[in-house]
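Tertiary structure, described
In case you want the letters, here they are:
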Amino acid sequence: KAVQAEAAFLFYSEEMNQRAKEHLRIESELRLALQRNELQLYYQPKVSLRSGRIVGAEALLRWRHPVRGMVSPGVFIPVAEETGLILELGNWVLEEACRQVRAWKDANLIMPPVAVNLSARQFDRRLPERMADVLQRHQVQPEQIMLEITESLLVGGAENVVSIMNELVAMGLALALDDFGTGYSSLAYLKKFPISTLKIDRSFVIGLPYEENDCAIARAIVTMAQQLRQEIVAEGVETAEQMSFLRDLGCDQLQGYLFSQPVPAEDFERMLREGKRL
Ligand code: C2E
Ligand code: CA
Ligand code: CA
Ligand code: CA
């Protein structure tokens, strides 16, 4: 027994050790990635279910590692959040999104708003000031940028979170609630927050229109959001059946592989110029 327990412990700590090492390695390589320009933003269109036109984009971070190739944000964002490096990464993303929007404007493109993902750790008192600064430096209108935040930020409904949100909205920035339905906030609770857009999480879209539970959840979210006059975006839409179900529900926009994967800026620009439609 004792021998077994000890073996299990050794195995366990070895595994922990591996994970800790892996984190440290990712962290130090991420720091280099920032310096070496290995990061890039991809853009995924958001399409209106009514007009079929591109009405927005989400900027998604990509890391082109010299040896490992494309590293998924699902791997490195959690590490960056743990280590605090997310603040630098997040600033890089804001900077780069604003630079790109400015470049598109200068090229006479009619740009829909570009959404940027924010981690909870970026959401502090100084965020409005940082936003004002980056917008000003790139001469970008606040209406051009949308901020995607997650439900974890709302839980507890901290007063300062509401007041930071109000400040951002007063500046002209729009807020979207990402991955909706996966957290703990109730629909009614949403009234407290100045959020203009709800994004239905992909995990509820996958089962449409065949899984009864997913249909019921999607229907409840859309109905409630309509009452609160919020725009609704369905994420991860991959099939025509999912699309027509969501359209019948009265969902406003879709985002997903059905229309386009996230693509480099040049490819997104081409879709806009060619007026690609659903
Ligand atoms: P998210 O914000 O929920 O982004 C949507 C994810 O779903 C993206 O994964 C996108 O590529 C993927 N996706 C979109 N349409 C489809 C579809 O039809 N089918 C499938 N299977 N997937 C689809 P990605 O780019 O790997 O990003 C993963 C997560 O990493 C994001 O989830 C977001 O939470 C985080 N992330 C990405 N970029 C940033 C960033 O700049 N800052 C922060 N804080 N987080 C980011
Ligand atoms: Ca997002
Ligand atoms: Ca999402
Ligand atoms: Ca999601």
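Here's a quick rundown of the structure. The shown structure was predicted, so the numbers you read here are calculated from the model rather than taken from an experiment. (Residues numbered from 1 in each chain as written. Chains lettered and ligands numbered in written order. Predicted model: local features only at pLDDT ≥ 70, side-chain atom pairs only at ≥ 80, totals over all residues. Heavy atoms only, no water.)

**Comments concerning the site of ligand 1**
Rules: Each residue is tested against the molecule or strand, and it is near if at least one of its non-hydrogen atoms lies within 4 Å. We call two N or O atoms a polar contact when they sit within 3.5 Å, provided that within protein one can donate a hydrogen and the other can accept it, with sequence-adjacent residues counted only if both atoms are side-chain atoms. The secondary structure listing takes helices from DSSP runs of H or I that are at least 4 residues long and strands from runs of E that are at least 2 residues long, numbered from the N terminus. Under the scheme applied here, ten amino acids are nonpolar (Ala, Val, Leu, Ile, Met, Phe, Trp, Tyr, Cys and Pro), four are charged (Asp, Glu, Lys and Arg), and all others, including Gly, are polar.
If you check the shell around ligand 1, you find 20 residues, and the closest are Gln 44, Arg 62, Ser 119, Glu 238 and Tyr 257. Within the contact set of ligand 1, a nitrogen atom lies 3.0 Å away from a side-chain nitrogen or oxygen of Gln 44. Contact distances for ligand 1 include 3.2 Å between an oxygen atom and a side-chain N or O atom of Asn 117. Broken down by secondary-structure element, the contributors of at least two residues to the shell around ligand 1 are β2 (54-65), α2 (73-83) and β6 (174-180). Top element by residues in the shell around ligand 1 is β2. It accounts for 4 residues. Of the residues belonging to the shell around ligand 1, the class tally is 8 nonpolar, 5 polar and 7 charged.

**Description of the packing of aromatic side chains**
The condition that has to hold: Stacked, tilted and edge-to-face pairs are distinguished by plane angle, under 30 degrees for stacked and over 60 for edge-to-face with tilted covering the rest, among Phe, Tyr and Trp rings (Trp via its six-membered ring) whose centres lie within 6.5 Å. By definition, being over a ring means that NZ of Lys or CZ of Arg is both within 6 Å of the ring centre and within 35 degrees of the ring normal.
All told, the structure shown has 4 aromatic pairs when counted by the stated rule. The ring of Phe 259 is capped by Lys 276, whose NZ or CZ atom sits 4.6 Å from the centre of that ring.

**Considering the environment of Ala 132**
Summarising the element assignment, Ala 132 is placed in helix α4 (residues 127-138). Residues Ala 132 and Leu 198 lie 66 residues apart in sequence; the distance between their C-alpha atoms is 24 Å.

**Quick word on the coordination of the calcium ion (ligand 2)**
Under ideal tetrahedral coordination, the four donors around a metal are separated by 109.5 degrees; under ideal octahedral coordination, the six donors are separated by 90 or 180 degrees. Heads up, the condition is: Coordination partners: N, O, S within 2.8 Å of the metal, 3.2 Å for Na, K and Ca; water not considered, so apparent gaps in a site are possible. When accessible area is computed with a 1.4 Å probe and restricted to protein chains, residues below 20% of their type maximum are described as buried, those above 50% as exposed, and intermediate ones as partly exposed.
Every protein donor of the calcium ion (ligand 2) is listed here as Glu 58 (OE), Asn 117 (OD1), Glu 148 (OE) and Asp 178 (OD), and their distances to the metal cover 2.2 to 2.3 Å. The sequence motif formed by the donor residues of the calcium ion (ligand 2) is E-x58-N-x30-E-x29-D. Between the two metals, the calcium ion (ligand 2) and the calcium ion (ligand 3), the spacing is 3.6 Å, and Asp 178 donates to both. Placement of Asn 117 in strand β4 (residues 114-117) and of Glu 148 in strand β5 (residues 145-150) is noted, with a sequence separation of 31 residues between them. On the basis of relative accessibility, which here comes to 28%, the residue Asn 117 falls in the partly exposed class.

**What about the coordination of the calcium ion (ligand 4)?**
Around the calcium ion (ligand 4), the protein contributes the donor atoms Asp 179 (OD), Asp 201 (OD) and Glu 235 (OE), at 2.4 to 2.6 Å from the metal centre. Between the calcium ion (ligand 4) and the calcium ion (ligand 3) the interatomic distance amounts to 3.3 Å, and Asp 179 serves as a bridging ligand to the pair. Of this pair, Asp 179 sits in strand β6 while Glu 235 is found in strand β8 (residues 231-235), placing the two residues 56 residues apart along the sequence. Overall, Asp 179 belongs to the partly exposed group, its relative accessible area being 26%. Residue classification places Glu 235 among the buried positions, given a relative accessible area of 12%.

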